[in-house]
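The primary structure of each chain is shown beneath.
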Protein chains: 2
Amino acid sequence: MERVAIIGASMTQFGQRDAWIRELLAEAGSACLDDAGVAADAVKHLYVSNMASGEFEGQTGVPNALAHDLAAVPAYTARIDQTSASGGAGVYAAWQSVASGASDMTLLVGGERMTHKTTAEATDVIASLTHPAEYKHGVTLPSFAGLTARHYLETYDAPREALGRVAVKNHSNGVDNPHAQFQKEVDLDTVLESPIVADPLRLYDFCPITDGSAGLLLCPESVAREYTDEYAVVSGIGGATDTHVVHERADPTTMGGVVNSSEEAYRMADVGPDDVDVAELHDMFTILEFLQSEDLGFFEKGEGWKAVEAGVTDRDGDLPINTSGGLKSKGHPLGASGVAQVYEVYKQVLGDAGARQVDAGTGLACNVGGFGNCVTTTILEGAV
Amino acid sequence: MERVAIIGASMTQFGQRDAWIRELLAEAGSACLDDAGVAADAVKHLYVSNMASGEFEGQTGVPNALAHDLAAVPAYTARIDQTSASGGAGVYAAWQSVASGASDMTLLVGGERMTHKTTAEATDVIASLTHPAEYKHGVTLPSFAGLTARHYLETYDAPREALGRVAVKNHSNGVDNPHAQFQKEVDLDTVLESPIVADPLRLYDFCPITDGSAGLLLCPESVAREYTDEYAVVSGIGGATDTHVVHERADPTTMGGVVNSSEEAYRMADVGPDDVDVAELHDMFTILEFLQSEDLGFFEKGEGWKAVEAGVTDRDGDLPINTSGGLKSKGHPLGASGVAQVYEVYKQVLGDAGARQVDAGTGLACNVGGFGNCVTTTILEGAV
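Residues numbered from 1 in each chain as written. Chains lettered and ligands numbered in written order. Predicted model: local features only at pLDDT ≥ 70, side-chain atom pairs only at ≥ 80, totals over all residues. Heavy atoms only, no water.

**Comments concerning the environment of Pro63 of chain A**
All names here are of chain A.
- Tracing the backbone through its elements, the reader meets Pro63 in helix α3 (residues 62-69).
- We classify Pro63 as buried; its relative accessible area is 5%.
- Taking C-alpha positions, Pro63 is 27 Å from Glu2, a pair spaced 61 residues apart along the chain.
- The contact partners of Pro63, leaving out residues within four places of it in the chain, are Leu46, Val48, Thr77, Ala78 and Arg79. (Helix = DSSP H or I, 4+ residues; strand = E, 2+ residues; numbered from the N terminus. Buried < 20%, exposed > 50% of the residue type's maximum accessible area, 1.4 Å probe, protein only. Contact = heavy atoms within 4.5 Å.)

**Comments concerning the environment of Gly317 of chain A**
All names here are of chain A.
- With respect to the helices and strands, Gly317 occurs in the loop between α13 (304-309) and α14 (326-330).
- Sequence-wise, Gly317 and Ala307 are ten residues apart; in three dimensions their C-alpha atoms are separated by 9.5 Å.
- If we ignore the near neighbours within four places in the chain, the residues touching Gly317 are Gly311 and Val312.

**Comments concerning the UniProt feature "domain: Thiolase C-terminal" (unreviewed entry) in chain A**
- Within this structure's numbering, the places UniProt gives as "domain: Thiolase C-terminal" (unreviewed entry) are residues 238-381 of chain A.
- Within residues 238-381 of chain A, the helical portion is 35% and the strand portion 16%, while the C-alpha atoms at the span's ends are 15 Å from each other. (UniProt positions renumbered as here; feature names shortened; annotations may be inferred.)

**Notes on unusual backbone geometry**
- Cis rather than trans, the peptide bond between Val73 of chain A and Pro74 of chain A has omega equal to 15°.
- Looking at where Pro74 of chain A falls in the secondary structure, it is placed in the loop between α3 and β3 (76-81).
- Between Asp199 of chain B and Pro200 of chain B the backbone carries a cis peptide bond, its omega angle lying at 10°.
- Along the chain, Pro200 of chain B falls in the loop between β5 (196-198) and β6 (201-202).

**Some words on the relation of the copies chain B and chain A**
- Mapping chain B onto chain A calls for a screw motion: a turn of 180° about the axis and a shift of 0.0 Å along it, with 0.0 Å RMSD after fitting. Here the symmetry operator amounts to a two-fold rotation axis. In terms of C-alpha distance to the rotation axis, chain B has Ser100 of chain B as its closest residue, with the C-alpha 1.9 Å off the axis.
- When the interface residues of chain B are mapped onto chain A, 100% of them are again interface residues, pointing to one common binding face. (Least-squares fit on C-alpha atoms with pLDDT ≥ 70 in both.)

**Describing empty space enclosed by the protein**
- In this structure the tally under the stated criterion is four cavities of 30 Å³ or more.
- Together, 16 residues line the largest cavity, and Ile80 and Ala93 of chain A together with Tyr47, Ile80 and Ala93 of chain B are the ones closest to its centre.
- Within the residue set of the lining of the largest cavity, elements represented by two or more residues are β3 and α4 (86-99) of chain A together with β3 (76-81) and α4 (86-99) of chain B.
- Here the lining of the largest cavity is built from residues that sort into 14 nonpolar, two polar and no charged.
- Its boundaries defined by the atoms lining it, the second largest cavity holds a volume of some 100 Å³.
- Along the wall of the second largest cavity there are 13 residues; nearest its centre are Gln82, Thr83 and Cys374 of chain A together with Gly61 and Asn64 of chain B.
- A breakdown of the residues in the lining of the second largest cavity according to their chemical character gives three nonpolar, nine polar and one charged. (1 Å grid on protein atoms, 1.4 Å probe; cavity = no way out; pocket = protein on both sides within 12 Å on 5 of 7 lines; lining within 4 Å. Points joined across faces, edges and corners; volume = space filled by probe spheres on them. Nonpolar A, V, L, I, M, F, W, Y, C, P; charged D, E, K, R; others polar.)

Here is the structure:
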């Protein structure tokens, strides 16, 4: 089977935007086509990653509206939702559309508008993905993060400061990302002295509420070559669930969806964790970066925090993680995040990441829905 | 490329159900696996067709919950939404997952719970798919149907009674469908004397508000043969959009999405309209059955109504349409409808449709989102 290539990518300004979902999607979609130099009427399939435009804005049917706004009608469209991993699921859907032969040019746009809601309202929409019993008892995703962080720190004898260093590192990277919501450094004291949200996690352990969108253009490798000689190949991709009810997991510090989806992606790409040069992980909460870096096989179980402390995951370390700034500083517009992760990896493997550039031939993106409920892992290789 | 087979199908009781979305999905998913004799742990991908569980029930993340309820974890899951054509989009996603090689066993479950809402509330959720300007001026989908029906009747000199006969025919078919919401005949006078909703359309020209779910199990043909020698093949499938703003269409009696998606499906299946033996069309409103029967190429433009009047689309006619009872009598639980259409065609091409059975080797399902905004067409052939 022919390999699937990515020939264009875009990412809008993340943050508080004066634009509704339809404008956000059109902005990223249009920029992505421009980036690739591909006309809208060449698009055969158009997927939109979005969790909750209905709940957030009372507007559904946004893929069809986007087809209209981009002048891509009669391109086929659908919305792909996998809660906070809708972006990664969109990447998987777009990959399948090309790999199956259904489409020879697929545009994926992920986006979400959230900042017009209060934090409580937005948290409530996100919490609707949990089991009703969890929700009823107030166990929202931040609560799970606090419980898991405490368990992790105790089990692996890790200091609280290690979590803070994830925030410090990712904010540092975000300074060089012009699209990031927060383009400013934070120091460890600021993180450790910020207000408690879910003990031991504090405000700076959490990603913000964000508006934004991102796009990717996928096609068969033979078609890619007609447009450019600089493209990335989706060399591996996989997806997997973990239990819907978080307390049913044998080990709360292991995310089964990350383990299973990455094993599938590694197998397909015929690479292992050691071959990955750069990675975008789903640091919705600082603790999640530790768990994923271990469950992806980058570090032994319980050792992820040591890698962060030792600077291994810094931009000048052996395995830079979240060079984009991560969800932590870049922001987390639900449907956009998984797409923006692949945007960053795409830029890195093509050597087009500007001030954030690291030495990367192979990159990985891990997008986590819920509290690890459903995960996609994508591996890219540059074909420059 | 190896062909994609369907080896199991299910449909729950449609109507007013005392069950929430999670129970509805689990019921159809479990029944579908039982029908195929396939264990839950063989499922690799699990897709859920659903438009609005968040808006209707405040619950999102239902694909992950379904994976849990069926004991299909760690199967990959995602939700596919294309408003009222979410079911057809799910069929397309499931087909792509198998055809791309990503999955060798994909379960698709479509479902929606709606009857706990008032008709006004449900209509409001559905109308959120329209352009805000349309919505603001009260042009909901029933309004479009009324306008289009009037235009069709005038343009093609068709009598009002012809629309009524669609309802009469589909109700007559629904009598033999034990899963249908309405299993009762209606006569033409009842239709023509029912309350006006959107002139000239009356209550019996509209499908009801419905709870329900349906399932399909897809795999490569070689895998199908390991389980059974009675399966259907998805010989053709395609999807296409039309303008998001309905008034921008050159001819309001032509649904471009139906034309384009069916042309793609016919080409892939290497068949034409004349080869279709049975079809399930999206008769959300009676007028839509005329439009689709013409845009699919079954009848000349403006002649669809004559075919209904002449009995051509009756169960004993040359081209039976909506043997299931259609959305009109079977009901229309948004995410389930497109899946249930393919369920009916699957039963027909396998000769397993009981009292509704017609002579069918090739069948077609056309699922319409919005007012033709996005459409999928699926063609099945029996491989008995």
